[in-house]
Every structure is written in structure tokens, then in C-alpha cells.
Amino acid sequence: MSHPPGKAALPGTRAGEAGSAPGQLRRVALSGLLGTAVEFYDFLVYGTVAALVFGDLFFPGADPAVGTVAAFGTFAAGYLARPLGGIVFGHFGDRLGRKSMMLLTMVLMGTGSFLIGLLPTYDTIGVWAPVLLVLLRVVQGIAIGGEWGGATLMVAEHAGDRPRGLWTSFTQLGAPLGTVLSTGVVTLVGMLPDDDFRAWGWRVPFLLSLVLLGAGLYVRLKVAESPLFASLSERRERARTPLLDVLRAPRPVLLASAVGIGPFTAQALMTSFLISYAVDEGYGRQQVLVGVTVASCVALVVLPCANHLSDRFGRRPVVLAGALLSAATAFPVFALVDSHRPGLLILACVIGHGVAQSVMYGPLGALFSEMFPTRVRYTGASLGYQTATLLGAGLSPLIAGALLAADHSSDSVALLLMAGSAVTALAVWRVKETNDRNLAAQGASA
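Because the structure is predicted, anything quoted here is derived from the model rather than measured.

So, how was this worked out
- By convention here, each chain's residues receive numbers from 1 onward along its written sequence.
- Note on the predicted model: pLDDT of at least 70 is required for a residue's local features to be given, and 80 or more for side-chain atom pairs to be given and counted; whole-chain, interface and lining totals, by contrast, use all residues.
- Just so you know, side-chain values use all the structure's heavy atoms and leave hydrogens and water out.
- Put simply, DSSP H or I for four residues or longer makes a helix, DSSP E for two residues or longer makes a strand, and each gets a number counted from the N terminus.
- Radius of gyration: over C-alpha atoms. The globule rule applied is 2.2 Å multiplied by the number of residues raised to the 0.38 power.
- Only protein chains enter the accessibility calculation, which uses a 1.4 Å probe; a residue whose area is less than 20% of its type maximum is buried, one above 50% is exposed, and one in between is partly exposed.
- We call two residues in contact when some of their heavy atoms are within 4.5 Å.
- Here the Shrake-Rupley method, with its probe set to 1.4 Å, supplies the accessible areas, and only the displayed protein chains count as covering residues.
- For the purpose of counting charges, residues Lys and Arg are taken to be positive, whereas Asp and Glu are taken to be negative. His and the chain ends are not included.
- One atom stands in for each charge, and that atom is NZ of Lys, CZ of Arg, CG of Asp or CD of Glu.
- Only residues whose relative accessible area exceeds 30% and that take part in no salt bridge are eligible for patches, with like-charged residues grouped when within 9 Å of each other and nonpolar side chains (Val, Leu, Ile, Met, Phe, Trp, Tyr) grouped when within 5 Å.
- Salt bridges are counted wherever a side-chain nitrogen of Lys or Arg sits within 4 Å of a carboxyl oxygen of Asp or Glu.
- To define a nonpolar core, start from buried Ala, Val, Leu, Ile, Met, Phe, Trp, Tyr and Cys residues and group those joined through side-chain atoms within 4.5 Å.
- A cavity here means a set of points on a 1 Å grid, drawn over the protein atoms and nothing else, where a 1.4 Å probe fits but cannot get out; a pocket is an open set with protein on both sides within 12 Å along at least five of seven lines, and a residue lines either one if it has an atom within 4 Å of a point.
- Grid points are joined across faces, edges and corners, and a volume is the space filled by probe spheres set on the points.
- When residues are grouped by polarity, Ala, Val, Leu, Ile, Met, Phe, Trp, Tyr, Cys and Pro land in nonpolar, Asp, Glu, Lys and Arg in charged, and all others, Gly among them, in polar.
- Only a pair of cysteine sulfur atoms within 2.5 Å qualifies as a disulfide here.
- Multiply 1.5 Å by the residue count of a helix minus one, and that product is the helix's expected span.
- Throughout, the arc means the angular range of directions from the helix axis out to the C-beta atoms.
- Convention adopted: a line fitted to C-alpha atoms gives each axis, helices being fitted over their contacting stretch, and angles between N-to-C directions are expressed from 0 to 180 degrees.
- Oblique is the label for any angle not under 35 degrees, not over 145, and not in the 65 to 115 range, which are roughly parallel, roughly antiparallel and roughly perpendicular in turn.
- For a crossing to be left-handed, the near helix must be turned anticlockwise from the far one by less than a right angle; the clockwise case is right-handed.

Draft legend 1. How the structure looks around the overall build of the chain. In terms of regular secondary structure, the chain is built from 21 helices and zero strands. Computed over its C-alpha atoms, the radius of gyration of the chain comes to 21 Å, within 12% of the 22 Å expected for a compact globule of 446 residues. On the principal axes, the C-alpha backbone points of the chain span a range of 65 × 45 × 40 Å. Across the 446 residues of the chain, 58% fall into the buried class. Across the chain, every contact between residues at least 6 apart in sequence was considered, and the portion connecting residues at least 24 apart equals 86%. Carbon and sulfur atoms make up 70% of the accessible area of the chain, which totals about 16,200 Å². Of the side-chain charges in the chain, 31 are positive and 26 negative, and the distance between the mean point of each set is 13 Å.

Draft legend 2. Examining a nonpolar patch on the surface more closely. A contiguous nonpolar patch, built from Tyr122, Ile125, Val127, Trp128, Val131, Leu132 and Leu135 and spanning about 640 Å² of accessible area, is present on the exposed surface. Every element with two or more residues in the nonpolar patch is listed here: helix 4 (122-125) and helix 5 (128-159). Top contributing element to the nonpolar patch by residue count: helix 5, with four residues. By the secondary structure assignment, Leu135 is in helix 5.

Draft legend 3. Highlighting the side chain of His353. You can see His353 is positioned in helix 17 (residues 342-361). Beyond its immediate chain neighbours, meaning those up to four positions away, His353 contacts Gln267, Met270, Thr271, Ala295, Ser296, Ala348 and Ser358.

Draft legend 4. Layout of the nonpolar core. Ranked by internal contacts, the top residues of the largest apolar core, which has 53 residues, are Val49, Val53, Phe54, Phe58, Trp202, Phe206 and Phe273. If you tally residues by element for this core, the top one is helix 1 (residues 22-58), at 11 residues. In this structure, Phe58 is in contact with Leu119, Pro120, Thr121, Tyr122, Ala129, Pro130, Leu133 and Trp202, ignoring residues within four places of it in sequence. Core analysis: the second largest hydrophobic core is formed by 42 residues, Met101, Val319, Val376 and Ala427 among them.

Draft legend 5. Region of the structure containing empty space enclosed by the protein. Within the structure shown, the criterion is met by two cavities of 30 Å³ or more. Its volume calculated, the largest cavity comes out at about 100 Å³. Sorting the residues of the lining of the largest cavity by element identifies helix 1, helix 2 (64-96), helix 7 (174-189), helix 13 (251-269) and helix 14 (272-280) as the ones contributing at least two each. Class assignment for the residues of the lining of the largest cavity results in six nonpolar, eight polar and no charged. Taken as a whole, the second largest cavity holds about 50 Å³ of empty space.

Draft legend 6. Summary view of the state of the cysteines. Tallied over the entire structure, the rule returns zero disulfides. We note that Cys297 lacks a disulfide partner, and the nearest cysteine sulfur, in Cys349, lies 12 Å from it. The class for Cys297 is partly exposed, based on a relative accessible area of 36%.

Draft legend 7. How the structure looks around helix 10 (residues 209-220). The terminal C-alpha atoms of helix 10, which comprises 12 residues, lie 16 Å apart, in line with the 16 Å expected from a rise of 1.5 Å per residue. Among the residues of helix 10, Ser209, Leu213, Gly216, Val219 and Arg220 are the ones counted as buried. Mapping the buried residues of helix 10 onto a view down its axis gives an arc of 130°, with all of them on the same face. Residues Val211 and Tyr218 are exposed on helix 10 and point more than 90 degrees away from its buried face. Tucked inside the fold, the buried residues of helix 10 contact helix 1, helix 3 (98-118), helix 5 and helix 9 (204-207).

Draft legend 8. Structural detail: the environment of Leu133. Here Leu133 is to be found in helix 5. Judged by its relative accessible area of 0%, Leu133 is buried. Ignoring anything within four residues of it in the chain, the contact list for Leu133 reads Tyr46, Phe54, Phe58, Thr74, Ile116 and Leu119.

Draft legend 9. Just the packing of helix 1 against helix 5, in detail. Two numbers describe how helix 1 lies on helix 5: the axes approach to 9 Å, and their chain directions differ by 160°. The orientation of helix 1 relative to helix 5 falls into the category roughly antiparallel. Remark: the crossing between helix 1 and helix 5 carries left-handed chirality. Looking at side-chain class alone, the contact of helix 1 with helix 5 contains 16 nonpolar, seven polar and four charged residues.

Quick look at the structure:
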């Protein structure tokens, strides 16, 4: 087996486990990028529209603040389902294979989003409207709970001993790309008169999910199964109960959950929560969506750069640098938002989301993949990642809304952002460096 000049074969690497052919790796990376972008588009469209109109359409008659909290409650329902999705799809991904689970999660996500676009509102079917909304949101949460693990591990395991940080950045780019797509579409339909937007315009982004679903499935059907999983199956070494195996040695999954809290707290506060907060502060809906879109475009550049640095200098120092930057800029970011100047709002989005959050978030795909052995990698990485999304992104908008209602100041929200970043900084300090780890090895340690 040949290797690039100056780079020795990884210890214990077998034939077929050093990585796929370059063409196949590129297809897998494209599949991870497009698939994850579709998933995040569907998930984030909900968050954006919920912040704008769901309180009125599905929870009428309530106090406006209660209606907003109720709308974000259905947002959290999607996050509550994500660890369940990680467990279910992780189990079958470790037992049956990565590719089949990736296809199934995409179908569930796209179909759930499309059906939300067809839902009657409270005025039409009464209490069944919010009930069905929450049910479909749970379906979305279960689907995306299994999506990230499959897409990320496929890229990492096909990459072999190539720079995994850089290659897994394609999957990680799905988050900002999905944000660009979702906010872009909502921005376009948001140009409609307010009555039209509330009557039918909000449905358009959800209905477009069907088109994106078709494109994503077309790409994913062309990729091959993970070579590491295929090798594991040939040796009959698949885990019988992946979740129990992960929980018997819980340190890696606990650390992964804690490391992810900061990036997801920042993501939620600087996207869905910020949209609602800034509109309440007097910004135009279009101004806020432009700010989030610009920040996501910046993230498309920052994120692969952070991952490249994590290949050179390690995952830990890059994630730690992002956490410290996020904490240091928390108060300045919200001060910029409170200036009521659109240009400074965009700058706040770029600093908080486009730069600080992206540096924290980028290396997680490679880091979490490297913290678990192949036989339980789908379950372990998914459970750690999705638990972090629940604690960081699922609960932080609700907590921030309650804090804001209590003291009417963004300072408490800035403190919440700092607290999430501090958890990440402390947790990643306790993780062993993984960027030189051999994914084909049977053991892993955090």
C-alpha cells in the first residue's frame, strides 16, 4: 500500500481501511454536504418561521409572549427528539450500515417538512393544528438526530488517513449552507405583504423541501458503504447492543455532549432567537434575515479554515479558541444588536455566528468521530452530538426568552452565551487530542 511522501501508514491499518479512492471520497463528501444542507434547511426553516408567525397561527388567543414561548416549545420538541433519533439510527447504523440510515433520515426529514407546509392553522382545525405541528416537529427531530452521525462518519471513514478535519468540514458546512438556503427563501417570501405572508407565504419554504429531497436522494444513492463498516461486517465484529456498549464506558459520550453545548447555544441564540429579539427591538424582518444570511456566508469560509487548522494543530486548541472568542464577544455582540443600526446588526451576526460559533463548531465532526471505535461510532458520536443540541440549541432560546422577560435586558442573554462557551472550554480541555488517531483501530478513548 503506498502513501504520500513523508507520511507513513497508520499503525494497524488493513487493506481497505486506509481510505476510499479519491473519486469515491469526493462523492461521499458532496453527499454529506448536500444531505446535511437539506436537513438543516428543513430544520432551520421551522425555527425562522416559528420566530415570525407561528405564535399567531397555531397558538392564537394567548398573550403574545406566551404564544412565542409556545411556538419555541414546538421548536424544542424537535430537539427533545434528536437524542432519540441518534440512539435509534445509531443502533441500526452500527448494526446494518451507514448508507441505508442516511437515506432513511433524509426521506423522513423532507417528508415531515413538506407536510408542515400543508398543515391547516388553528383557525381551521382548532387544537389539532398545534398537536399535528408538534408531531411533525418530533418526526423532524428524530430524522435529524440520525442524519448528522451517518453523514459525518461516512466522510470520516472514507477519508481514512487523509486530513479528516478538512474532509469532514464538507458535512459541517451543511449547517451554514442550510441556514443560507432557509433564510434566503424566507427572505424572498418575506417580501410579500404581511397579510399574504401570514396567509400562505410562510408555507412556500416548507413545500420546497420536496425538491431538495429529490436532489439529496439522487446524490446519496450513488455513494458506497463505509469501508470500515464493511470490513467490520466481514469480520463479524459488529456490536450487538451499541448503546449499552457506549454507556458502559460513558466518559467519551459525556465529554462530547459537554463540548457541543457552546457551539449549539451560540447557533440558537444567534439565529432563531436573534431573529425574534431583533424584530421586537424594531428591526425590519428583512434586515435581520440579511444579517443571519451574511453571517452564514462568512461561516462557509471560516469553518473549513478552522478544520484545516485542527488537522495541523489539533482539534482541542481550535475548539478552545472558538469558545474563548465566543465568550469574549458575547456582550459586545448584543451591544451591537441593541444599537438599532442595521449595519452593526450584521456585524454582530458575523462576529457571533459567522466567526466565533464556526470556529467552535467546525472540528466537531472529526473530533466526535475520533472519540469512538468503529463498532459503536455511529451511536456514540450521534448521542453526544444530539444531546449537546438538546441542551445547547433546544433549551437556550426558551431560557433566553424567560431571562429577557424577567429583566428586559440583553445582558442576561449574553451571560447565557458566555456560560455555554465556558462549558465547552472546560470540557474540551479534558478531552485527549484525537487528530492523529487511527479510525481503523478497535479502541478509542476520550
